[in-house]
Structures are given as C-alpha cells and as structure tokens.
Amino acid sequence: MKIPLHHTNETQDVAGADQALASHTVTIGRGTHRSLPNRRTGYTQKATIGGHKLYIRTGEYEDGTLGEIFLDMHKEGAAFRSLMNCFAIAISLGLQYGVPLEEFVESFTLMRFEPNGPVSGHDQVKMASSILDYIMRDLAINYLDRQDLAHVQVTHDDLRGDSVKPYAKSTSRHTPQPLSRAETAAPPATLGLEEARIKGYEGDPCPECHQFTLVRRGTCRTCSTCGGSTGCS
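These remarks concern the structure in this document. Bear in mind the structure is a predicted one, so any value in this text is a computation, not a measurement. (Residues numbered from 1 in each chain as written. Predicted model: local features only at pLDDT ≥ 70, side-chain atom pairs only at ≥ 80, totals over all residues. Heavy atoms only, no water.)

1. What about the overall build of the protein?
Thought 1: When its secondary structure is counted, the protein shows six helices and eight strands.
Thought 2: Written out in order from the N terminus, the α and β elements of the protein read α-β-β-β-α-α-β-β-α-α-α-β-β-β.
Thought 3: Counting only contacts in the protein whose residues sit at least 6 apart along the sequence, the fraction spanning at least 24 positions is 39%. (Helix = DSSP H or I, 4+ residues; strand = E, 2+ residues; numbered from the N terminus. Contact = heavy atoms within 4.5 Å.)

2. Considerations on a nonpolar patch on the surface
Thought 1: On the surface, a nonpolar cluster with roughly 300 Å² of combined accessible area is contributed by Ile89, Leu93 and Tyr97.
Thought 2: Following the sequence through the fold, tyrosine 97 ends up in the loop between helix H2 (78-96) and helix H3 (101-108). (Patch = residues over 30% accessible without salt bridge, like charges linked within 9 Å, V, L, I, M, F, W, Y side chains within 5 Å. Areas by Shrake-Rupley, 256 points an atom, 1.4 Å probe, with all protein chains shown as cover. Salt bridge = Lys/Arg side-chain N within 4 Å of Asp/Glu carboxyl O.)

3. Points about the pattern of salt bridges
Thought 1: Applying the stated criterion across every chain, the model contains six salt bridges.
Thought 2: In this structure, the salt-bridge partner of aspartate 133 is arginine 137, at a minimum N-O distance of 3.0 Å. Remark: arginine 137 and aspartate 133 occur in helix H4 (residues 131-143); sequence separation between them is four residues, near one turn of the helix. Residue aspartate 133 shares its accessibility class with arginine 137, and that shared class is buried.
Thought 3: By sharing partners, the salt bridges in this structure join Glu106, Arg146 and Asp148 into a single network. (Buried < 20%, exposed > 50% of the residue type's maximum accessible area, 1.4 Å probe, protein only.)

4. Overview of the side chain of histidine 122
Thought 1: Looking at where histidine 122 falls in the secondary structure, it is placed in the loop between strand E4 (117-120) and strand E5 (127-128).
Thought 2: A polar atom in the side chain of histidine 122 sits 3.0 Å from the backbone nitrogen of glutamine 124.
Thought 3: Residues in contact with histidine 122, not counting those within four places in the same chain, are Gln45, Tyr134 and Asp138. (Polar contact = N/O pair within 3.5 Å; in protein donor to acceptor, adjacent residues only side chain to side chain.)

5. What to know about the side chain of aspartate 138
Thought 1: Within the fold, aspartate 138 resides in helix H4.
Thought 2: Nearest to the buried, unbridged aspartate 138 among oppositely charged side chains is arginine 137, at 11 Å.
Thought 3: Look past the residues within four positions of aspartate 138 in its chain and what remains in contact with it is Tyr43, Gln45, Ile56 and His122. (Lys, Arg positive; Asp, Glu negative; His and termini not counted.)

6. Considerations on H4
Thought 1: With 13 residues, H4 ought to run about 18 Å at 1.5 Å a step, and its terminal C-alpha atoms sit 18 Å apart, in line with that.
Thought 2: Judged by how many residues are buried, H4 sits mostly within the fold: 12 of 13 residues are covered.
Thought 3: Among all positions of H4, only Ile131, Leu132, Asp133, Tyr134, Ile135, Met136, Arg137, Asp138, Leu139, Ala140, Ile141 and Tyr143 are buried.
Thought 4: Note on H4: the residue one or two positions beyond its end, aspartate 145, has a positive phi of about 55°. (Expected span 1.5 Å × (residues − 1).)

7. Topic: the packing of aromatic side chains
Thought 1: In this structure the tally under the stated criterion is two aromatic pairs.
Thought 2: Here the aromatic rings of tyrosine 43 and tyrosine 143 are separated by 6.0 Å at their centres, their planes lie at 25°, and the arrangement is stacked. Note that tyrosine 43 is positioned in the loop between helix H1 (5-28) and strand E1 (44-49) and tyrosine 143 in helix H4, a separation of 100 residues in sequence. Take tyrosine 43 and tyrosine 143: they sit in the same class, and that class is buried. (Phe/Tyr/Trp six-rings, centres within 6.5 Å; stacked < 30°, edge-to-face > 60°.)

8. Focus: the sheet that holds E4
Thought 1: Taken in spatial order, the five strands of this open sheet run E3-E2-E1-E4-E5, and their pairing is antiparallel. Strands with a single pairing partner mark the edges of an open sheet, and in this sheet they are strand E3 (66-73) and E5.
Thought 2: Pairing between E1 and strand E2 (residues 52-60): six bridges, direction antiparallel. The residue bridging lysine 46 from the neighbouring strand is tyrosine 55, located in E2.
Thought 3: Sheet strands touched by H4: E1, E2, E3, E4 and E5. Its angle to E2, the strand with the most contacts, is close to 35°. (Pairing = 2+ DSSP bridges. Axes fitted to C-alpha atoms, helices over the stretch in contact; angles between N-to-C directions.)

9. Regarding the pairing of E1
Thought 1: Burial of E1 is one-sided: the residues Gln45, Ala47 and Ile49 facing one way are buried, the residues Thr44, Lys46 and Thr48 facing the other way are not.
Thought 2: Between E1 and E2, which pair antiparallel and follow one another directly, the connecting turn spans two residues, one of which, glycine 50, has a positive phi of 55°.
Thought 3: As paired elements, E1 and E4 share two bridges and run antiparallel to each other. When the sheet's bridge partners are listed, isoleucine 49 is paired in E4 with valine 119.

10. A short note on the packing of H2 against H3
Thought 1: One way to put it is that H2 packs onto H3 with a least axis distance of 9 Å and a crossing angle of 145°. Residue-level contacts link Phe87, Ile91, Gly94 and Leu95 of H2 to Leu101, Phe104 and Phe108 of H3.
Thought 2: Counted by class, the contact of H2 with H3 contains six nonpolar, one polar and no charged residues. (Nonpolar A, V, L, I, M, F, W, Y, C, P; charged D, E, K, R; others polar.)

Structural data, given as structure tokens:
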C-alpha cells in the first residue's frame, strides 16, 4: 500500500513541531534555587508609617544583590504580623529563584491601603500609600538606585566622606575695614546718641557737660558723667 505524498509531508511537519517544542521546553527549564551564604551582610531600617513602627532587615549575596528580607511590625496584631511574615517569605523565595527585584517593585509600589501616611525615620522616603509601598521604595532605592521613588534625592557623591568639608577655625586676623562715607560724614553727636540709647541712657545731652549720659531717677534726670541735674518736673 502506498502512502500519499501529502500525508507524508504532514507527518514530517508534526514531528518537526514536536521536536522544536521539546527543545524549547528544555531550554527554558525550571528555576534553580540560589542559596545564600551562612554569614550574610545587609542592613536594618527602622521607620514609622502612619504611626505604625516597621523594621526591614535584608540579607545579601556575596556580590551585594538582595536575597531575602525580614519584616517586623512593632506592637501589631498576630494576624497582621503573620501576613507580613508570609509576604516577606514569598518575596525572599522569588528572589532566590531568580525573579528580578524590579518585578516586585513595579507590582507593589503605589498600592494604597491602611496603614499609610507620613514616614518618619527614613532619610529619603517621607510618604507612603501603604506598608508595601514603603517596603518596595526602600528596597528599590538601596538595591536598584531608583532615586525617582525617593522624596529626598541623595547622590553617591553626597555620601562620600570627602564631600563634607571639615570645620576649620579661621586663624587669620580680622582687618578693620575703613568707615563708609556715610559713617565718616555723620557727626560725633549722632554716634554718641545711638551708643547711649543702646546702653540704656535717656539719649538727651546733659546741659552742663553735653554728654549723652542722662539717667532718669523718678521725675528727675541726672548726668552720670558730671552729676548735673536737669531739674524735676
């Protein structure tokens, strides 16, 4: 029995498609787990969001990339704290199986639910629409350099120690500046009057010594320089 030519071509096409699909499946494969070192670096960030205290703790690989996070809510209910712990575990597993941090940041930033509001204790994040929004902003700023998600912009140059000039006391002597034309043209009586009023004198000249050192004593005014009196009214 002879097989038709068109039937043979269809069989070869199906076999080729199966081989291509199999090779494609083998190429993609499943994610592999990347273990963190037993002793790992990271940071702990404490902040308050809308009156609720939150601690973020991170674990890093040897190359400095993020591998896990821990979340601790201070004085919160058991149910809410459990949900936050589950969220941290899910994010950590995703990071360890190769999910980019950018995917989590794009998915969870700007989510809005309570608790939310002003943020205190963080140098760059000052407002958050939710706890998840704050967490992803903090991680994106520290591990992705996403300054667009920060409310206070801080560059790497600002964090260098040599960018802050140390305080140094000036040892140069003060050189007296010459008086301006207006000061040199002012009469001595005007300068003495201002100085006398600053020191608490009446500001009027004494009729005997013409000094601006009159002091009021009751209803009389006496001169501290010559002791003269203007009389009592």
